[in-house]
Amino acid sequence: MEPSWDDLRTVLSLVRGASLASAAEELGVNYTTVARRISRAETALDQKLFDRLADGYRPTEAGKTIAEHAARMEDHAHGLMRQLQGQDNTLRGPLTITAPQLLIAHALAPAIDQFCTAYPEIALHVRATNDLLDLNRREADLAIRISRDPGDSLKGLRLTQQHSASFATQAWADRIADDPDTLIDWVVYAAYQDVPRNVDPTFPNHRIRLTFDDMVAIRAAAQAGLGVARMPLFLGRATPGLVQIPVLPPQPYAEIWAVGHPDVWPAAKVTAFRNILVPHFRSIRDKFVAKAA
């Protein structure tokens with residue numbers, strides 16, 4: 001008996017994730033199914049493919065060899081499906097896009113509504129995440145990304161430039177206006193952990209009060225009055241309770257792009273979404289850039 005493609009693909013996922021839970025999440029099955037498929041593959045091949053350790057599954061040399069071949073098979077399968085998708089001229093069936101949650105809430109929602117109204121036979125699925133989904137593996141058909149490097153191997157279209165600035169509650173704005181020498185508390189992104197560069201020297205005293213690894217949390221902390229936060233203009237302007245303050249003048253920020261795999265880019269459904277997306281962003285450009293830009 002030869003192992004099935006499902007079993008080989010499960011070996012690959014387990015090598016990637018090193019745990020039953022990780023492989024199960026990738027494959028969309030439960031972990032007992034993963035364990036059963038691995039046992040079935042080992043029986044079919046009469047080979048031990050993994051050492052079961054306390055901290056996870058470690059592939060044997062045979063397991064690594066199978067994973068390498070399965071990865072090539074998977075790449076060929078994805079390539080075939082991408083090419084077929086790119087040749088699809090129909091305006092019905094599934095379409096998956098991905099974008100950051102806050103961008104969906106404060107910029108993309110009207111375009112999504114317009115698209116769904118115009119193309120009721122397209123089943124649109126929106127994956128709201130900041131993660132960079134793998135378009136080679138067809139985790140999404142089109143991605144809207146905030147990035148300085150949207151992906152060299154992808155087809156890209158810049159939707160708009162962006163600026164960022166400093167935002168805080170009105171109470172903080174009043175305190176800083178009354179006393180430019182006051183100690184300014186900052187709420188910053190954990191990857192940087194420092195006061196933003198190019199702060200206005202008129203305001204000399206700063207400290208980092210809190211760090212977060214998520215912009216939703218940074219925004220909430222600023223709304224709660226815990227300090228000043230740097231954020232994209234579109235987000236600060238749309239957030240109740242926050243006002244733009246002059247501590248950090250508007251600065252260039254990562255641009256917003258629509259990106260897709262070159263194979264999928266010509267597909268009718270992807271093109272139809274782009275044809276709504278581009279004029280929509282053109283119409284709301286003032287949300288993203290400072291007036292002098």
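Reference entry: report on the structure contained in this document.

Cut-off values and rules
Residues numbered from 1 in each chain as written. Predicted model: local features only at pLDDT ≥ 70, side-chain atom pairs only at ≥ 80, totals over all residues. Heavy atoms only, no water. Helix = DSSP H or I, 4+ residues; strand = E, 2+ residues; numbered from the N terminus. Contact = heavy atoms within 4.5 Å. Axes fitted to C-alpha atoms, helices over the stretch in contact; angles between N-to-C directions. Parallel < 35°, antiparallel > 145°, perpendicular 65-115°, else oblique. Left-handed = near helix turned anticlockwise from the far one by under 90°. Nonpolar A, V, L, I, M, F, W, Y, C, P; charged D, E, K, R; others polar. Salt bridge = Lys/Arg side-chain N within 4 Å of Asp/Glu carboxyl O. Expected span 1.5 Å × (residues − 1). Buried < 20%, exposed > 50% of the residue type's maximum accessible area, 1.4 Å probe, protein only. Patch = residues over 30% accessible without salt bridge, like charges linked within 9 Å, V, L, I, M, F, W, Y side chains within 5 Å. Areas by Shrake-Rupley, 256 points an atom, 1.4 Å probe, with all protein chains shown as cover.

**Focus: the environment of Gln101**
At step 1: The topology assignment puts Gln101 in helix α5 (residues 101–118).
At step 2: For the pair Gln101 and Arg127, spaced 26 residues apart in sequence, the C-alpha to C-alpha distance is 8.7 Å.
At step 3: Excluding residues within four positions of it along the chain, Gln101 makes contact with Ala128, Thr129 and Asn130.

**Description of the packing of α5 against helix α9 (residues 268–283)**
At step 1: Orientation of α5 relative to α9, taken along the N-to-C sense of each, is 135 degrees, at an axis distance of 10 Å. Classified by the interaxial angle, the pair formed by α5 and α9 is oblique. In this structure, α5 meets α9 at a crossing whose hand is right-handed. When α5 is examined against α9, the residues Ala107, Leu108, Pro110, Ala111, Ile112, Gln114 and Phe115 are found in contact with a partner set consisting of Lys269, Ala272, Phe273, Ile276, Leu277, His280 and Phe281.
At step 2: Its residues placed into classes, the contact of α5 with α9 shows eleven nonpolar, two polar and one charged.

**Details of the pattern of salt bridges**
At step 1: Inspection of every chain in the model, using the stated rule, returns 13 salt bridges.
At step 2: A salt bridge links Asp51 to Lys48; its shortest N-O distance comes to 3.0 Å.
At step 3: For Lys269, the salt bridge goes to Asp88, with nearest N and O atoms at 2.8 Å. Here Lys269 is found in helix α9, whereas its partner Asp88 is found in the loop between α4 (61–86) and β3 (93–99), with 181 residues between them in sequence.

**Concerning helix α3 (residues 31–45)**
At step 1: An ideal rise of 1.5 Å per residue puts 21 Å on 15 residues; α3 measures up with 21 Å between its terminal C-alpha atoms.
At step 2: Turning to α3, its buried residues number three or more, namely Thr33, Val34, Arg37, Ile38, Ala41 and Glu42.
At step 3: Where α3 is buried, its residues contact α1 (5–17), α2 (20–27) and β1 (50–53).
At step 4: Asp46 lies just past α3 and shows a positive phi near 55 degrees.

**Section: a nonpolar patch on the surface**
At step 1: On the surface, a nonpolar cluster with roughly 270 Å² of combined accessible area is contributed by Leu80, Met81 and Leu84.
At step 2: Checked against the element boundaries, Leu80 lands in helix α4.

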